[in-house]
Amino acid sequence: MKKGIMSSFILLGVLLSGCGSQKEELYSSSNPVYITVWTYYNGDQLSLFKY
């Protein structure tokens, strides 16, 4: 049982280590990330989000 769990973690680590080799910048001024905030606020509460 313990060998199976340990093997699973090792396999997961090996598989995920390949994801870190990307050379493209994920967050930069030429590749911005846009976040949209949806709210249910109105009135005075909504005015706080507009600035």
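Since the structure is predicted, the reported quantities are computational estimates derived from the model, not experimental observations.

Once that is clear, we can look at the overall build of the protein chain. When helices and strands are counted, the protein chain shows two helices and zero strands. When the 51 residues of the protein chain are sorted by exposure, 2% land in the buried category. Element-wise, carbon and sulfur atoms account for 63% of the exposed surface of the protein chain, whose accessible area totals about 5,600 Å².

Before going further, it helps to spend a moment on a nonpolar patch on the surface. Judged by side-chain polarity, Ile5, Phe9, Leu12 and Leu16 come together as a nonpolar surface patch covering roughly 410 Å² of accessible area. Tracing the backbone through its elements, the reader meets Phe9 in helix H1 (residues 2–17). Exposure remark for Phe9: the relative accessible area of 57% places this residue in the exposed category.

Conventions used here
Residues numbered from 1 in each chain as written. Predicted model: local features only at pLDDT ≥ 70, side-chain atom pairs only at ≥ 80, totals over all residues. Heavy atoms only, no water. Helix = DSSP H or I, 4+ residues; strand = E, 2+ residues; numbered from the N terminus. Buried < 20%, exposed > 50% of the residue type's maximum accessible area, 1.4 Å probe, protein only. Areas by Shrake-Rupley, 256 points an atom, 1.4 Å probe, with all protein chains shown as cover. Patch = residues over 30% accessible without salt bridge, like charges linked within 9 Å, V, L, I, M, F, W, Y side chains within 5 Å. Salt bridge = Lys/Arg side-chain N within 4 Å of Asp/Glu carboxyl O.

All we've got here are geometric facts, nothing functional implied.
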